[in-house]
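Spelled out, the chains give:
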Amino acid sequence: MNWTVLSLFLLIGFSSAGKIVKKLKDDNFEEAIATNPAILVRFMASGCANCDALKPVFKQVSALMKEKNLNCTLASINADSQVRTSQKYRIQGFPTVMLFLNGTATTYKGERDAVSIVKFIAKMTGPASTELDANTLKALMDTTGLKSVLATDGEEAIEKYEEIARKVYEYDFYHMAVKEAQKVFPKVGHNQAIVLKDFDEKTAILAEDFIKTKTTLRDFLNTHMFPTVNDIADNATVRPLEKVLSKGQRKGVFLFKSKDDPKNQEYDKEFRSVATEMKGPSVLFFSGNMKEPVEKQIAEILGVAEEDLPVVQAVEFKKDTMMYRYKGCLLYTSPSPRDRQKSRMPSSACKKKKKKK
């Protein structure tokens, strides 16, 4: 073994799963990914605050990987000084995290916390879905977090299911025989998926064969990823807000109310009925009473002032920011959203009194 190979061997640390490599350079990058079956690389930039914030996260990732016995090397490279490598892999934003499996790169697009990153590594380097029986499914229903469970008796379906699992980081994925699934969910059928969550109705079933249905499983999972209506003041709402305001991945519809308005419960009920009917993979709904600083900050970002309340505003952040303000009445006499679409009759709460001549 020559000194170059020996140095690389010591640098990468083949014998230690989850070892953090302090530096990779243009000179050794290709050999590093060629000699490691799995290597997670963070592309950093000088003076990047988000890059600095990721450093302690990678230490936590290393510790979690050792606990779970995941065999993946962790590495970093300064994209500012190592231009050849950053150009080859078309690095444009920082930090960028890539997993190289047998030399093939996959860009990580999930949340930048240790648990999410380790889930990604586990899915990509091993089975992306875990097999269950009826008893373990029942136990799973009492735990927190998002879970997808596929009822199937086909190996081909499991393979396609795992392909989706490797692209959706927010869920833990499981599969089980149809008969076992029917012990808990009697109406579930072959190749149908069950979502388990700790909000709203707790469970949702894609009651069609996920391979044949027009509604893709990925869209179904995205639809049920967050609550029907997200409370802006809730700390858990940071993630759905991020998908709308900073990443531009979804459209957002916001209801802002005055904190002392006696009709707030009526506004919330009407807004939820609309959100329930219209929720889908590309839109998220939010509500706030303008009590907490975060609610006022979001309102300010969207151009909503106290004198505008109550108001519903839709927004889409992509190349160009598009905002739409609903100018109709927020309360209707119609008994259902579907009837309301037909009649559009405002309730007495919205009717303006005519001035006497």
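What counts and how
- Residues numbered from 1 in each chain as written.
- Predicted model: local features only at pLDDT ≥ 70, side-chain atom pairs only at ≥ 80, totals over all residues.
- Heavy atoms only, no water.
- Helix = DSSP H or I, 4+ residues; strand = E, 2+ residues; numbered from the N terminus.
- Buried < 20%, exposed > 50% of the residue type's maximum accessible area, 1.4 Å probe, protein only.
- Contact = heavy atoms within 4.5 Å.
- Areas by Shrake-Rupley, 256 points an atom, 1.4 Å probe, with all protein chains shown as cover.
- Patch = residues over 30% accessible without salt bridge, like charges linked within 9 Å, V, L, I, M, F, W, Y side chains within 5 Å.
- Salt bridge = Lys/Arg side-chain N within 4 Å of Asp/Glu carboxyl O.
- Lys, Arg positive; Asp, Glu negative; His and termini not counted.
- Charge placed at Lys NZ, Arg CZ, Asp CG, Glu CD.
- Core = buried A, V, L, I, M, F, W, Y, C linked by side-chain atoms within 4.5 Å.
- Phe/Tyr/Trp six-rings, centres within 6.5 Å; stacked < 30°, edge-to-face > 60°.
- Arc of directions from axis to C-beta.
- Pairing = 2+ DSSP bridges.
- Axes fitted to C-alpha atoms, helices over the stretch in contact; angles between N-to-C directions.

### Considerations on the overall build of the protein
Phase 1 of the analysis: When you go through the protein residue by residue, the secondary structure sums to 13 helices and 14 strands.
Phase 2 of the analysis: Evaluated residue by residue, the protein yields a buried proportion of 46% over its 357 residues.
Phase 3 of the analysis: Across the protein, contacts joining residues at least 24 apart in sequence account for 67% of those joining residues at least 6 apart.
Phase 4 of the analysis: On the protein, roughly 20100 Å² of surface is accessible, and the fraction owed to carbon and sulfur atoms is 50%.

### Things to note about a negative patch on the surface
Phase 1 of the analysis: Together, Glu131, Asp133, Glu155, Glu159 and Glu163 make up a negatively charged patch on the protein surface.
Phase 2 of the analysis: In terms of residue count, helix α7 (residues 155–165) provides more of the negative patch than any other element does, 3 residues in total.

### A look at the nonpolar core
Phase 1 of the analysis: Within the largest apolar cluster, 37 residues are counted, with the highest numbers of intra-cluster contacts made by Tyr171, Phe210, Leu217, Phe254, Phe256 and Leu302.
Phase 2 of the analysis: Leaving out residues up to four positions away in the same chain, Phe254 has contacts with Ile232, Leu241, Val244, Leu245, Phe271, Phe286, Ile298, Leu302, Val311, Val312, Gln313 and Val315.
Phase 3 of the analysis: Formed by 20 residues, the second largest nonpolar core is a distinct cluster that contains Phe58, Ile117, Ile121 and Met124.

### Quick notes on the packing of aromatic side chains
Phase 1 of the analysis: Counted according to the given criterion, the structure contains 13 aromatic pairs.
Phase 2 of the analysis: Here the aromatic rings of Phe29 and Phe100 are separated by 5.7 Å at their centres, their planes lie at 80 degrees, and the arrangement is edge-to-face. One end of the pair, Phe29, is in helix α2 (residues 26–35); the other, Phe100, is in strand β3 (residues 96–101), with 71 residues separating them in the sequence.
Phase 3 of the analysis: Classification of Phe29 as buried rests on a relative accessible area of 0%.

### Here we look at helix α10 (residues 238–245)
Phase 1 of the analysis: Among the residues making up α10, those that are buried are Pro240, Leu241, Lys243 and Val244. Across the axial projection of α10, the buried residues extend over an arc of 155 degrees, all falling on one side.
Phase 2 of the analysis: Along its buried surface, α10 packs onto β10 (230–231), β11 (251–256), β12 (283–288), α12 (293–301) and β13 (311–317).

### Describing the sheet that holds strand β5 (residues 130–131)
Phase 1 of the analysis: Ordered in space as β5-β7-β6-β8-β9, the 5 strands form an open sheet in which the pairing is mixed. This sheet does not close on itself; its edge strands, each paired only once, are β5 and β9 (203–206).
Phase 2 of the analysis: Sheet topology places strand β6 (residues 147–151) next to strand β8 (residues 192–196); 5 bridges connect them, and they run antiparallel. Residue pairing in the sheet places Lys147 in a bridge with Leu196 of β8.
Phase 3 of the analysis: Strands β6 and β7 (172–176) of the sheet are contacted by α7, whose axis makes an angle of about 170 degrees with β7.

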